[in-house]
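Residue-level structure breakdown
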Amino acid sequence: MPKIVLREIVRQHAEMAAFLWTVYDHHLLHPDENPDMDEERLARLVERLDAHVDGLRVAGEAGQEIAEALYAEYPEAGELFVLRMLIKGAPSRIAELDLPKVRAYLSTNGSQK
């Protein structure tokens, strides 16, 4: 039985993952800018980010295609991060990332604008 993919839902996963990555990374680089982002809220943000990336992975090829289309439409760091997380061998969880390497990758391969 073929897998049914709800493309609009998968696109929402891609959009939210890109957005949440941007919020997460900005907070880590500038922790004093948002005093409301305590450890609990940051943990929930990471949990949501992991869940959206998982949603793309579950969608398989369709998730990859949708993430690629989103990056083509919005070639920004968050969208590129999502594509990178979908590559075979990428860490399965945000907590497993080597953040300096991720930032270096995004700045080297980043925005086309």
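Quantities reported herein were computed from a predicted structural model and do not represent experimental measurements.

As a further point, take a nonpolar patch on the surface. Taken together, the side chains of Ile4, Leu6 and Ile9 make up a nonpolar region of the molecular surface, amounting to roughly 330 Å² of accessible area. Looking at the element boundaries, Ile4 is found in the segment before α1 (7-29). A residue is classified by how much of its surface remains accessible, and Ile4, at 70% relative accessible area, is exposed.

With that settled, consider the packing of aromatic side chains. Applying the stated criterion across every chain, the model contains two aromatic pairs. Geometrically, the ring pair formed by Trp21 and Tyr24 is tilted, given 5.8 Å between the ring centres and 55° between the ring planes. Of this pair, Trp21 and Tyr24 both sit in helix α1, three residues apart, which is roughly one turn of that helix. We classify Tyr24 as buried; its relative accessible area is 10%. On the basis of an interplanar angle of 10° and a centroid distance of 4.0 Å, the ring pair of Trp21 and Phe81 is categorised as stacked. With Trp21 in helix α1 and Phe81 in helix α4 (residues 77-85), the pair connects residues that are 60 residues apart, well separated along the chain. Relative accessible area serves as the criterion here: at 2%, Trp21 is assigned to the buried category. Phe81 gets classed as buried once you look at its relative accessible area, which sits at 1%. Here the aromatic cluster, defined as three or more aromatic residues joined through ring pairs, consists of Trp21, Tyr24 and Phe81.

Now for helix α2 (residues 39-58). Over its 20 residues, α2 runs 28 Å from end to end, which matches the ideal 28 Å to within 8%, given 1.5 Å per residue. Restricting attention to buried positions, one finds in α2 the residues Leu42, Leu45, Val46, Leu49, Asp50, His52, Val53, Gly55 and Leu56. For α2, the elements touching its buried residues are α1, α3 (61-73) and α4. Just past α2, the residue Gly60 takes up positive phi, approximately 65°.

This paragraph deals with the side chain of Asp50. Note that Asp50 resides in helix α2. When sequence neighbours within four positions are dropped, the list of residues in contact with Asp50 reads Ser92, Arg93 and Ile94.

Once that is clear, we can look at the packing of α3 against α4. One way to put it is that α3 packs onto α4 with a least axis distance of 9 Å and a crossing angle of 155°. Taken together, the axes of α3 and α4 are roughly antiparallel relative to one another. Both α3 and α4 take part in a crossing whose hand is left-handed. Here Gln64, Ala67, Glu68, Leu70 and Tyr71 of α3 lie close against α4, whose contacting residues are Glu79, Leu80, Val82 and Leu83. Its residues assigned to classes, the contact of α3 with α4 comprises six nonpolar, one polar and two charged.

Cut-offs and rules
Residues numbered from 1 in each chain as written. Predicted model: local features only at pLDDT ≥ 70, side-chain atom pairs only at ≥ 80, totals over all residues. Heavy atoms only, no water. Patch = residues over 30% accessible without salt bridge, like charges linked within 9 Å, V, L, I, M, F, W, Y side chains within 5 Å. Areas by Shrake-Rupley, 256 points an atom, 1.4 Å probe, with all protein chains shown as cover. Salt bridge = Lys/Arg side-chain N within 4 Å of Asp/Glu carboxyl O. Helix = DSSP H or I, 4+ residues; strand = E, 2+ residues; numbered from the N terminus. Buried < 20%, exposed > 50% of the residue type's maximum accessible area, 1.4 Å probe, protein only. Phe/Tyr/Trp six-rings, centres within 6.5 Å; stacked < 30°, edge-to-face > 60°. Expected span 1.5 Å × (residues − 1). Contact = heavy atoms within 4.5 Å. Axes fitted to C-alpha atoms, helices over the stretch in contact; angles between N-to-C directions. Parallel < 35°, antiparallel > 145°, perpendicular 65-115°, else oblique. Left-handed = near helix turned anticlockwise from the far one by under 90°. Nonpolar A, V, L, I, M, F, W, Y, C, P; charged D, E, K, R; others polar.

Read these as spatial facts, not as claims about activity.
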